[in-house]
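# Geometric and topological summary
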Amino acid sequence: MITKDATISAPAAPAPPTEEPRHRPGKKRRAWDEVPRRHIYLPLSLYLLFTLIPFYWILLFALRPAGSTSLVPWPMTFDHFDKVWNDRSFGTYFQNSVLIAVATLVMTTLVALAGGYALARFDFRIKRGFMLALLCSQFVPGALLLVPLFQIFAKLQMINSLGSVIIAETVFQLPLSMILISGFIRNVPYSLEEAAWVDGCDRFTAFRIVVLPLLRPGLIAVGSFAFVHAWNHFLFALMFLSDQSKQTIPVGLNTLMSSDSVDLGALAAGGIIAAVPVVIVFAFIQKWLITGFSAGAVKG
């Protein structure tokens, strides 16, 4: 018998099964993630400070008035730049350096491109010996080339001409440039050229249309390396150019120092003028530079 006070309780519904939390795979921890940040930033900050102090010191001497001992370039003056550019003929030196560096860049890139393609795509009897000779040539200092190059240029009546420096710089840069470009060409699949041949292209057309666009990082790396080396090289310009109107920036900087005294303001201004083109070049090509050198350095 069921009374009024009695309540009928329905059976409780079973609780939904609880899902176990899924393990989300996190990013793979790297070795430097476990290193405290101060152990990374402190050495980098010290290195950055060690690197930037000389640049600030050069700017300080170039921008502050002569005879000033202030650690801040104020009042700022550009008299030192005007002195080296006009009175010391740095405008002419700058033009000569640009001409030599650009011509060296073009000649080195073209010759190294042809030689690098031959090393990467053809097999010939003396290939290993030729590659070994290219590698061994990197151990030869430029000073050892002065006497034979001087004799050759003297017989060709090229002494005291910019062409002699351009040829010498190109010869000095070719071995490394050829090795880098050959390594970069090996990374381009040979099947791409074969497909172009099937479509009716000859070897040169296939190289120009298919391979050459893929070599942009390598060509930029090789060209920039040749440009910077030719811009900064001192020895060839000093030995092969005797006329002051044909001298380059590095030789012009050397003329600012004498045995009796050194004009620090003019020397600092000349150093900044010499560094600006290199900084501009690397600012524009930095994203291709590391890619090009790493790709050209791999083993084929």
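Check the entry above for the structure.
These notes cover the structure that comes with them. (Residues numbered from 1 in each chain as written. Predicted model: local features only at pLDDT ≥ 70, side-chain atom pairs only at ≥ 80, totals over all residues. Heavy atoms only, no water.)

### Focus on the overall build of the chain
Scanning the chain for helices and strands turns up 12 helices and zero strands. For the chain, the sequential pattern of α-helices and β-strands runs α-α-α-α-α-α-α-α-α-α-α-α. Relative to its 300 residues, the chain shows a buried fraction of 35%. A separation of at least 24 residues holds for 73% of the contacts in the chain among residues at least 6 apart in sequence. About 19800 Å² of surface is accessible on the chain, with carbon and sulfur atoms providing 67% of the total. (Helix = DSSP H or I, 4+ residues; strand = E, 2+ residues; numbered from the N terminus. Buried < 20%, exposed > 50% of the residue type's maximum accessible area, 1.4 Å probe, protein only. Contact = heavy atoms within 4.5 Å. Areas by Shrake-Rupley, 256 points an atom, 1.4 Å probe, with all protein chains shown as cover.)

### Comments concerning the layout of surface pockets
Here the largest pocket defines a volume of roughly 290 Å³. At the level of elements, helix 1 (37–63), helix 9 (216–232), helix 11 (249–255) and helix 12 (264–296) are the ones that each hand at least two residues to the lining of the largest pocket. Element by element, the count of residues in the lining of the largest pocket is highest for helix 12, at seven residues. Grouping the amino acids of the lining of the largest pocket by side-chain chemistry returns 13 nonpolar, two polar and no charged. Space inside the second largest pocket adds up to approximately 210 Å³. Surrounding the second largest pocket, S137, Q138, V140, L145, V171, F172, Q173, P175, L176, F225 and H229 form its lining. Residue assignment for the lining of the second largest pocket shows that the elements contributing at least two residues are helix 6 (162–186) and helix 9. For the lining of the second largest pocket, the leading source of residues is helix 6, giving five residues. Here the residues of the lining of the second largest pocket sort into seven nonpolar, four polar and no charged. (1 Å grid on protein atoms, 1.4 Å probe; cavity = no way out; pocket = protein on both sides within 12 Å on 5 of 7 lines; lining within 4 Å. Points joined across faces, edges and corners; volume = space filled by probe spheres on them. Nonpolar A, V, L, I, M, F, W, Y, C, P; charged D, E, K, R; others polar.)

### Remarks on helix 9
Counted at 1.5 Å a residue, the expected span for helix 9 with its 17 residues is 24 Å, and the 24 Å between its end C-alpha atoms agrees. Across the 17 residues that make up helix 9, a large majority, 12, are buried. (Expected span 1.5 Å × (residues − 1).)

### Quick look at the packing of helix 3 (residues 90–121) against helix 6
Following both chains from N to C, one finds helix 3 and helix 6 inclined at 35 degrees, their axes separated by 6 Å at the closest point. The crossing of helix 3 and helix 6 is right-handed. Class assignment of the residues belonging to the contact of helix 3 with helix 6 gives a composition of 17 nonpolar, 10 polar and three charged. (Axes fitted to C-alpha atoms, helices over the stretch in contact; angles between N-to-C directions. Left-handed = near helix turned anticlockwise from the far one by under 90°.)

### Side note on the packing of helix 4 (residues 127–136) against helix 6
Contact geometry for helix 4 and helix 6: axes closest at 8 Å, N-to-C directions at 130 degrees. Considering the angle they form, helix 4 stands oblique to helix 6. Relative to helix 6, the crossing made by helix 4 is left-handed. In this structure, helix 4 contributes K127, F130, M131, L134 and L135 to the contact, and helix 6 contributes P175, M178, I179 and R186. When the residues that make up the contact of helix 4 with helix 6 are grouped by side-chain class, the tally is seven nonpolar, no polar and two charged. (Parallel < 35°, antiparallel > 145°, perpendicular 65-115°, else oblique.)

### Comments concerning a nonpolar patch on the surface
On the surface, a nonpolar cluster with roughly 820 Å² of combined accessible area is contributed by Y56, W57, L71, V72, W74, M76 and F78. Looking at the secondary structure, you find W74 in the loop between helix 1 and helix 2 (79–87). Judged by its relative accessible area of 65%, W74 is exposed. (Patch = residues over 30% accessible without salt bridge, like charges linked within 9 Å, V, L, I, M, F, W, Y side chains within 5 Å. Salt bridge = Lys/Arg side-chain N within 4 Å of Asp/Glu carboxyl O.)

### Re the pattern of salt bridges
Under the criterion given, the structure shown has two salt bridges. Ionic pairing is found between E193 and R121, a salt bridge with its closest N-O pair at 2.6 Å. Pair noted here: E193 is in helix 7 (residues 190–198) and R121 is in helix 3, with a separation of 72 residues, a long-range link. For D123, the salt bridge goes to K127, with nearest N and O atoms at 3.4 Å.

Shape is all these values report; function is a separate question.
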